[in-house]
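Coordinates in review
Chain by chain, the residues run as shown.
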Amino acid sequence: MTALPSHRRLALILGGLAAMGPLAIDTYLPAFPAIALSLGTDAARMQGTLAAYFAGLALGQAAMGPASDRFGRRWPLLAGLALFAIASLGCALATSVDQLTLLRFAQSLGGCAGMVIARAVVRDVAQEQAAVRLMARLMLVMGLAPILAPLLGGWLLSVMGWRGIFATLAAYAAAMACVVWFLLPETLPVERRRRDSMMGILRVYGQLLADRRFMGPALAGALCLGGMFAYIASSPFVMMELHGLSPSVYAMVFGANAAGLILMSQVNAWATRHVSPARLLRIALLVPLAGGVLLLIGAAIGPGGLVFLLPGLALSIAALGAILPLSAAIAMQPHGRVAGSASALLGTLQFSLGAVAGALTGLLHDGTALPMAVVVACGSLGGFLAYRVLR
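Numbering of residues starts from 1 in every chain and runs along the sequence as written. A pLDDT threshold of at least 70 governs which residues receive local features in this predicted model, and a stricter bar of 80 or more applies before side-chain atom pairs are shown or counted, although totals over entire chains, interfaces and linings include all residues. The basis for every side-chain value is the complete set of heavy atoms in the structure, and neither hydrogens nor water enter the calculation.

1. Focus on empty space enclosed by the protein
Definitions used for this entry: grid spacing 1 Å over protein atoms alone; cavity, a set of points where a 1.4 Å probe fits but cannot get out; pocket, an open set with protein on both sides within 12 Å along at least 5 of 7 lines; lining residue, one with an atom within 4 Å of a point. Grid points are joined across faces, edges and corners, and a volume is the space filled by probe spheres set on the points. Tallied over the full model, the rule gives 3 cavities of 30 Å³ or more. Approximately 60 Å³ is the volume found for the largest cavity. Taken together, Pro66, Asp69, Arg70, Arg194, Asp196, Ile201, Val204, Val338 and Ser341 make up the full set of residues lining the largest cavity. Elements with a minimum of two residues in the lining of the largest cavity: α4 (43-71) and α10 (198-210). Take the lining of the largest cavity: its biggest share by element is 3 residues, from α4. Broken down by class, the residue content of the lining of the largest cavity amounts to 4 nonpolar, 1 polar and 4 charged. The calculated volume of the second largest cavity comes to roughly 50 Å³. When residues of the lining of the second largest cavity are traced back to their parent elements, those giving at least two are α6 (97-125), α7 (128-142) and α16 (320-332). Helix and strand labels come from DSSP, where a helix needs a run of H or I of at least four residues and a strand needs a run of E of at least two; each type is numbered from the N terminus. Looking at the lining of the second largest cavity element by element, the count peaks at 3 residues for α16. Note that Gly is not counted as nonpolar here; it falls among the polar residues with everything else outside the nonpolar set of Ala, Val, Leu, Ile, Met, Phe, Trp, Tyr, Cys and Pro and the charged set of Asp, Glu, Lys and Arg. Within the lining of the second largest cavity, the residues separate by chemical class into 6 nonpolar, 1 polar and 1 charged.

Quick look at the structure:
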C-alpha cells in the first residue's frame, strides 16, 4: 500500500482537491458576458448556472459524506473526480443555457467530493492541534484559488474562448485523479467503516444537528462564511459601479483580501502551538465583528465610504483564514467515527447559508453598499453568538 505522504505534501494534495469545487466558480465568472452572447441568453439565466452549481455543492456533500464513511475515502473521491471531468467536458460542448445549467449541477456533484473528503482525511490522520495546523496548510493552497482563478479564467477566455475554461477544468480533474491514484492511500481502514442504512444515515445527521459541540463551531464558521458569499456576489457592483474602481484595481482588491485570508491561516497555524483552538476561535470571531462595524459605517456614508469599506472587508475576509480551519477541526474532533458525514454536514451548512446570504444581497439590492454590509455584519454577529451560546 502507498505510504501516507508527509503533512506538507498531504496538504498540497488535499488543498488541490478541496479547491476544485470553488475553482469551478471563479474561473468562469469573467466569461459570463461571452457565454451569454454565445448561447443567446441573458444575465439572469447565467446567474441560474451559478445557483445550480451552489445547489449541487450543498446537496452533493450530504450524500458524499456517508458514502466515504461506508466505502472509504479513495473510491468515492475517484468517482467524484470522474464525474467532474465528464461534466466539465459537457459544459465545454453545451449548446444552450439549459444544457449548461444541468451540466453545472452535475459538475458540482463531482466537485464536492474533494471538499468533503479532504476534511475527512484530515480527521483520519490528525488530532485537534495537528488537525488545525493541517487545515491551515490546506487553506494556504485553497486560498490561492480566488487569487489565481479569475486571472486564469480571463487568460483562458482570451486564448481559448469560454469553452476552453471548462476543458481546462476537465484536465485538472483528470490530473488530480492521477495524483490520488498514485499518491494518496486509503485513510479509513475497513474495520472503521460504517454500514448504515438510509435511516441510519439520517440518524447520524440528526445526532450531529442535536450536538452542541458540533453545531456551535459549525454554525460559527458557516455564518461567517456566508458573509464572504455576500461579498463575492456584491463586490463587483459595489467596487466598480458604485465607487468607480477599474476592473484591474478591483482584481487587486479581490486578490489582496484573499492574500489576507492566506496570511491569517498561517498565523493561526503558528498560534495553535501556544493557545488552545477553542480560545483561538473565540478571539478570531471578534475580528469580523469589527469589520462589520466598518462596513456599516462605509455604507452609511455613501460615495465617500470606500475608506471604511476596504478595511472592513479586509478584516472580515482575512478572519476566515483562522475561523474556517478552527471551526472545522473543533466541530469534527469528537466525531472521528463519522468524519465523512460530519465533514459533509459542515459543507452543506456552509454552502446552504452561503447561498441564502448571496440571495439576500440580491433581494435587498437598492443601489448602495448597504445590503452587502448588512449581510456581512449579520453573518459575523450570528457566528459569534452561535459559538458563544451553543458552545
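Still to come is the rest of the account.
2. Structural notes on helix α9 (residues 162-183)
Multiplying 1.5 Å by the residue count of a helix minus one yields the expected span of that helix. Here α9 contains 22 residues, and its C-alpha end-to-end distance of 32 Å stays within 8% of the 32 Å for a straight helix at 1.5 Å per residue. Exposure is judged per residue with a 1.4 Å probe applied to protein chains only, and the accessible area is read against the type maximum: over 50% gives exposed, under 20% gives buried, and values in between give partly exposed. Among the residues of α9, those classed as buried are Trp162, Gly164, Ile165, Phe166, Leu169, Ala170, Ala173, Met176 and Val180.

3. Structural notes on the packing of aromatic side chains
Geometry of aromatic contacts follows a simple scheme: Phe, Tyr and Trp rings, the Trp one being its six-membered ring, pair when their centres are within 6.5 Å, and the pair is stacked under 30 degrees between planes, edge-to-face over 60, tilted otherwise. Tallied over the entire structure, the rule returns 4 aromatic pairs. With 6.1 Å between their ring centres and 85° between their planes, tryptophan 162 and phenylalanine 166 make a pair best called edge-to-face. Note that tryptophan 162 and phenylalanine 166 are positioned in helix α9 at a spacing of 4 residues, about one turn of the helix. Given a relative accessible area of 0%, phenylalanine 166 falls into the buried group. Joined through ring pairs, the aromatic side chains of Tyr28, Trp162 and Phe166 make up one cluster.

4. Overview of the side chain of arginine 73
One can find arginine 73 in the loop between α4 and α5 (74-93). You can call arginine 73 buried: its relative accessible area is 2%. Two N or O atoms count as a polar contact when they lie within 3.5 Å, although within protein this holds only if one can serve as hydrogen donor and the other as acceptor, and sequence-adjacent residues are included solely when both atoms are side-chain atoms. Engagement of the side chain of arginine 73 in a polar contact is seen with the side chain of serine 68, the distance being 3.0 Å. Looking at arginine 73, its side chain comes within polar contact range of the side chain of aspartate 124, at 2.8 Å.

5. Some details on the environment of glycine 56
Within the secondary structure, glycine 56 is located in helix α4. Of the residues examined, glycine 56 reaches a relative accessible area of 0% and is grouped as buried. Between the alpha carbons of glycine 56 and glycine 111 there is a distance of 9.0 Å; along the sequence they are 55 residues apart.

6. Topic: a nonpolar patch on the surface
The residues that make up patches have over 30% relative accessible area and no salt bridge, and they are joined within 9 Å when like-charged or within 5 Å when they are Val, Leu, Ile, Met, Phe, Trp or Tyr. Working definition of accessibility: Shrake-Rupley area with a 1.4 Å probe, residue cover restricted to the visible protein chains. A pairing counts as a salt bridge when a side-chain nitrogen of Lys or Arg comes within 4 Å of a carboxyl oxygen of Asp or Glu. Side chains of Trp75, Trp181, Phe182 and Leu183 sit close together on the surface and give an oily, nonpolar patch of about 480 Å² of accessible area. In terms of residue count, α9 provides more of the nonpolar patch than any other element does, 3 residues in total. You can see phenylalanine 182 is positioned in helix α9. Since its relative accessible area comes to 56%, phenylalanine 182 is described here as exposed.

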